[in-house]
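A closer look at the structure
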Amino acid sequence: TGKFTYDPGFLATASCSSKITYIDGDAGVLLYRGYPIEQLATHCDFLEVCYLLLNGELPSPEEKKTFDWTVTRHTMVHEQLARLYQGFRRDSHPMAVMVGVVGALSAFYHDSLDINNPDHRQISAFRLIAKLPTIVAMAYKYNMGQPFMYPKNSLGYTDNFMRMMFGVPAEEYEVNPVLSRALDRILILHADHEQNASTSTVRLAGSSGANPFACIASGIACLWGPAHGGANEAALQMLMDIQKDGGLEKVGEFIKKAKDKNSGVKLMGFGHRVYKNYDPRAKLMQETTREVLAAVGAENDPLLKLAMALEKIALEDEYFVSRKLYPNVDFYSGIVQRALGIPVSMFTCIFSMARTVGWIAQWNEMISDPEQKIGRPRQLYQGATKRDVVPIAKRG
Ligand code: CMC
């Protein structure tokens, strides 16, 4: 192609250099700032991982305390922003609401427009991490027709989110620590994943100098697609459809359909652009699924049985084996979230809440990089060659 390489889907192009997340897709390794995801998911809470992604090092106890305090101070949203929700239909998809509301944050925080000031970048990062749970929970409450729950800053990040989602003003809400820890783990597992489609979108949007709230809104829009963050919703929907259609005995038939390119059906929650061995997040998620189902007394959940039967058949099937298709993080995350009481339409919102820290860390890294340039891919033009316009009166 002469001066540039044709690489649709960026299969062989590194768009940036980064020090944040490392993936070895063949070995099934995922590291945030050098630390294995398994260890982070075991020893850390989500805000600790946020600190790590943003700053490059795990916090000392003192640094963690200050970080938690600072994030917590920013959990409320402006009352005018709360009124923005009223403009949406109650039955709007919450991701549609999220794109609008997060994009609108820049109308409230004018300092975010000055991206060359590191202090302004930092406060935007705190605001985003702190406000996303409030904004997600408000999207849910609006959908349900229930009053918004204000954040309660004496609670930890995930407990606070659960209370804003499931609490009502009329009653005290008691957080179940097993469920809260499971959700916190979901957030850790989704916090960053190097240059995936939505992160690349955030970087591309940011490369023009756009403000961080606009950039994160563009990431949320990209994440919504079923090939990316929408996969957890699509995977659970798939399981529920098979269940409705006859359950376990229909698994074989479904797998046959998923292998047929003309059927339009894919085994959702399977396959990954980078992981060609296994997705380490899927292993952790399967563990969490069992813990949560046990905690809510649903060990015999038919959807879990269905998922395991699908996984078993697919892992032995030549079609999936030869294409190196393995369960990804979203294969099980839908089952966990459903057991936590989170409705299917909210799954991708939770993903966006978790990924916000990754997006903002990547955005900040890009802005601080002296080699940063506006992202401007080239194309392989295949349209008409130069020709003359025939005035409309003389056409056809
Ligand atoms: N079910 C059936 N066939 C599949 C699937 C699947 N889930 N995934 C890939 N294939 C086939 C695909 O048709 C192709 O076949 P062939 O070589 O004969 O043309 C081959 O496997 C390679 O797939 P690809 O689409 O070229 O691979 P990709 O790297 O472009 O796409 C993917 C990766 C994740 C988009 C894709 O595997 C997929 O659509 N999976 C289902 C959706 C999903 O679970 N997405 C979540 C990804 S993890 C969460 C996240 O990071 O967002």
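Residues numbered from 1 in each chain as written. Predicted model: local features only at pLDDT ≥ 70, side-chain atom pairs only at ≥ 80, totals over all residues. Heavy atoms only, no water.

1. What about the packing of aromatic side chains?
Both the distance between ring centres and the angle between the ring planes are used here to describe each pair of aromatic rings. Overall, the coordinates contain 11 aromatic pairs when judged by the stated rule. Here a set of aromatic residues connected by ring pairs shows up, and it is made of Phe270, Tyr319, Phe320, Phe331 and Tyr332. The ring of Tyr278 carries Lys283 above its face, with NZ or CZ at 4.1 Å from the centroid. Directly above the ring of Tyr319 sits Arg323, whose terminal nitrogen or CZ lies 3.9 Å from the centroid. (Phe/Tyr/Trp six-rings, centres within 6.5 Å; stacked < 30°, edge-to-face > 60°. Lys NZ or Arg CZ within 6 Å of the ring centre and 35° of its normal.)

2. Examining the sheet that holds strand S2 (residues 29–32)
The three strands are arranged S1-S2-S3 in an open sheet whose pairing can be described as antiparallel. Each edge of the sheet is formed by a strand with only one pairing partner; in this case those strands are strand S1 (21–24) and strand S3 (35–36). Direction of pairing for S2 relative to S3: antiparallel, over a ladder of two bridges. Following the sheet pairing, Leu31 is matched in S3 by Pro36. (Pairing = 2+ DSSP bridges. Helix = DSSP H or I, 4+ residues; strand = E, 2+ residues; numbered from the N terminus.)

3. Some words on the packing of helix H6 (residues 118–144) against helix H10 (residues 212–223)
Closest axis-to-axis distance for the H6/H10 pair is 10 Å, and the angle between their directions is 40°. One way to sum up the angle between H6 and H10 is to call them oblique. H10 is crossed by H6, and the crossing has right-handed handedness. Residue-level contacts link Ser124, Arg127 and Leu128 of H6 to Pro212, Phe213 and Ile216 of H10. Considering only residue class, the contact of H6 with H10 consists of four nonpolar, one polar and one charged. (Axes fitted to C-alpha atoms, helices over the stretch in contact; angles between N-to-C directions. Parallel < 35°, antiparallel > 145°, perpendicular 65-115°, else oblique. Left-handed = near helix turned anticlockwise from the far one by under 90°. Contact = heavy atoms within 4.5 Å. Nonpolar A, V, L, I, M, F, W, Y, C, P; charged D, E, K, R; others polar.)

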